[in-house]
Amino acid sequence: MGEDPPHLLGYGDDETGAGVSVTCDVDTAVIEMSLHGRWSKRMASETYAGFRKCLAQHPAAIIVELHQLADPHAASAALWLAARRAASTLEPPVQVALSLPATEPLSQRLRWIGVTRSVPVYPTTEKARSAVAGHRPLTDWLQLTRRRPAGGDSARAARELIDEACAVWGFPDLRHPARLVVSELVANAVQHAGTDIAVTVWRRPTGLHLSVRDGDPRMPRLRPRLSASGRPCRGGLDIVDTLCAGWGAVATHDGKMVWATMRSIRRTSP
C-alpha cells in the first residue's frame, strides 16, 4: 500500500462524475485546470486546494477551463476571486485566466460582481492560451535533456546542473540538499519510466524550483521503505519530502513532471 504525497494534483468523484484534472506545459510554465461535472461543496474544496497546489509551483499562469462545469446558479463565482487574490500574493504574481462561454450564468455573474476586472474570461481555451503566451517569464532557468537515461550518468549530469545553478544564482546553502533531491527524482525516472527525461532548474526569488519530466504518465507514490532487518529507512521520495518546501507531480501532454521547491536561507531579488 502506498500513500499519495500531499502535492499530487487531480480529483474525481466516482459517484457524481465530477472532477478536476490538471496538466502543465513545461515549455511555457502554464498550468491548465479543467473542471467537469456539477459544482458542489466538495468540488469547491478540492478545486481551491488544487489551485493552491498549482501556486506552489509558481507557474507563469494558470488557465481554468470551465466549459464542462455545471454551475447553473454561478455558485463558484466567489472562489475565482479568492483564487486571484491568492495568486496576486506571490512575487511576481501569477496570472489567472478563465475559459468560459459568455452565455453561461457563471460568466454573467462574474461580470456583474466585477471579478472580470482582475480575472479575464475568454470564450475558448485557445484564446486564453494566446492571451497568456506573451507573459514575461518568471525566472531564469537551466535545462538538461537526456535521451533514454542511463542510470548514474544521468544523475551525475543533473547534479552538475545543480552545481552550476547554485554557483550562478548565489544559493550555496542549497547545493548539497538540491543535489540529493535531483538525484532521487532522476533515479525514479530512470527506474520507473525508462523514457527520455528533461531536468530543469528554475531560479525563484526565495530559492530553486526543480523539475524532472519523463514520458510515463504514472504518478509517483510515497511508499514505506524497509531495511534488510525490516525496519523503516529513509530514501527515495521520502528524502524529497523531507528536504523540500513542497513537491508533487502534474500530468503533461506526453507524460508527467515531478517538481520540488527548495527555499534558501538567503532571499534574493527576482
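Residues numbered from 1 in each chain as written. Predicted model: local features only at pLDDT ≥ 70, side-chain atom pairs only at ≥ 80, totals over all residues. Heavy atoms only, no water.

So, about helix α1 (residues 41–55). Over its 15 residues, α1 runs 21 Å from end to end, which matches the ideal 21 Å to within 8%, given 1.5 Å per residue. Within α1, burial applies to Met43, Ala44, Thr47, Gly50, Phe51, Cys54 and Leu55. Here the buried residues of α1 occupy an arc of 145° about the axis, which is enough to place them on one side. (Helix = DSSP H or I, 4+ residues; strand = E, 2+ residues; numbered from the N terminus. Expected span 1.5 Å × (residues − 1). Buried < 20%, exposed > 50% of the residue type's maximum accessible area, 1.4 Å probe, protein only. Arc of directions from axis to C-beta.)

Detailed conclusions should not be drawn from predicted coordinates in areas where pLDDT is low. On average, residues of the protein score 84 in pLDDT, and 86% of them are at 70 or above. Mean pLDDT values over the elements of the protein span from 68, in strand β1 (residues 11–12), up to 96, in strand β6 (residues 121–122). Contacts from residues 1–6, a stretch scored under 50 in pLDDT, to residues over four places away or in other chains number 14 contacts. (pLDDT = per-residue confidence, 0-100. Contact = heavy atoms within 4.5 Å.)

This next bit is on the side chain of Ser107. Examined against the element boundaries, Ser107 turns out to sit in helix α3 (residues 105–112). Note on Ser107: relative accessible area 2%, which makes it buried. For Ser107, the side chain forms a polar contact with the side chain of Arg111, separated by 3.0 Å. When sequence neighbours within four positions are dropped, the list of residues in contact with Ser107 reads Leu100, Pro101, Ala102 and Val121. (Polar contact = N/O pair within 3.5 Å; in protein donor to acceptor, adjacent residues only side chain to side chain.)

Counting buried residues in strand β10 (residues 246–252) gives six out of seven residues, a clear majority hidden from the surface. Bridging between β10 and strand β11 (residues 255–263) involves seven bridges; their strand directions are antiparallel. Directly across from Val250, in β11, lies its bridge partner Met257. Hairpin connection of β10 to β11: two residues between the antiparallel strands. (Pairing = 2+ DSSP bridges.)

To continue, consider unusual backbone geometry. Backbone geometry places His58, a non-glycine residue, at a positive phi of 50°. For His58, the location among the structural elements is in the loop between α1 and β4 (61–70). At Ala74, a residue that is not glycine, the phi angle is positive and equals roughly 55°. With respect to the secondary-structure elements, Ala74 resides in the loop between β4 and α2 (77–88). A residue is classified by how much of its surface remains accessible, and Ala74, at 9% relative accessible area, is buried.

One pass over the full model with this rule turns up one aromatic pair. A ring pair is formed by Trp39 and Trp80, whose centres lie 6.4 Å apart and whose planes are at 50°; its orientation type is tilted. Pair noted here: Trp39 is in the loop between β3 (30–38) and α1 and Trp80 is in helix α2, with a separation of 41 residues, a long-range link. Residue classification places Trp39 among the buried residues on the basis of a relative accessible area of 13%. (Phe/Tyr/Trp six-rings, centres within 6.5 Å; stacked < 30°, edge-to-face > 60°.)

A separate point is the pattern of salt bridges. It is possible for side chains bearing opposite charge to pair when their charged atoms get close. On inspection of all chains with the given rule, the structure shows seven salt bridges. The closest approach of N and O atoms between Glu32 and Arg129, which form a salt bridge, is 2.6 Å. With Glu32 in strand β3 and Arg129 in helix α4 (residues 125–133), this pair connects stretches of sequence that are 97 residues apart. Accessibility expressed as a relative area gives 16% for Glu32, which makes it buried. The class for Arg129 is partly exposed, based on a relative accessible area of 36%. Several salt bridges converge on common partners, so that one network encompasses Asp163, Arg175 and Arg179. (Salt bridge = Lys/Arg side-chain N within 4 Å of Asp/Glu carboxyl O.)

As a further point, take the environment of Ala193. Examined against the element boundaries, Ala193 turns out to sit in helix α6 (residues 175–193). Overall, the relative accessible area of 18% leaves Ala193 in the buried class. With 25 residues separating them in the primary sequence, Ala193 and Arg218 have C-alpha atoms 8.3 Å apart.

Turning to the environment of Arg52, a few remarks are in order. Position of Arg52 relative to the elements: it lies in helix α1. Distance from Arg52 to Ala87, taken between C-alpha atoms, is 8.5 Å for residues 35 residues apart in sequence.

Axis angle and axis distance: for two packed helices, these are the angle between their axes and the distance between the axes, and together they describe the pair. Where α1 meets α2, the closest approach of the two axes is 11 Å, and the angle between their N-to-C directions is 20°. Regarding the angle of α1 to α2, the classification is roughly parallel. Classified by chirality, the crossing of α2 by α1 is right-handed. Note on element contacts: α2 touches α1 through Leu79, Trp80, Ala82, Ala83, Ala86 and Ala87, opposite Ala44, Thr47, Tyr48, Phe51, Arg52 and Leu55. Residues belonging to the contact of α1 with α2 are distributed by class as follows: 10 nonpolar, one polar and one charged. (Axes fitted to C-alpha atoms, helices over the stretch in contact; angles between N-to-C directions. Parallel < 35°, antiparallel > 145°, perpendicular 65-115°, else oblique. Left-handed = near helix turned anticlockwise from the far one by under 90°. Nonpolar A, V, L, I, M, F, W, Y, C, P; charged D, E, K, R; others polar.)

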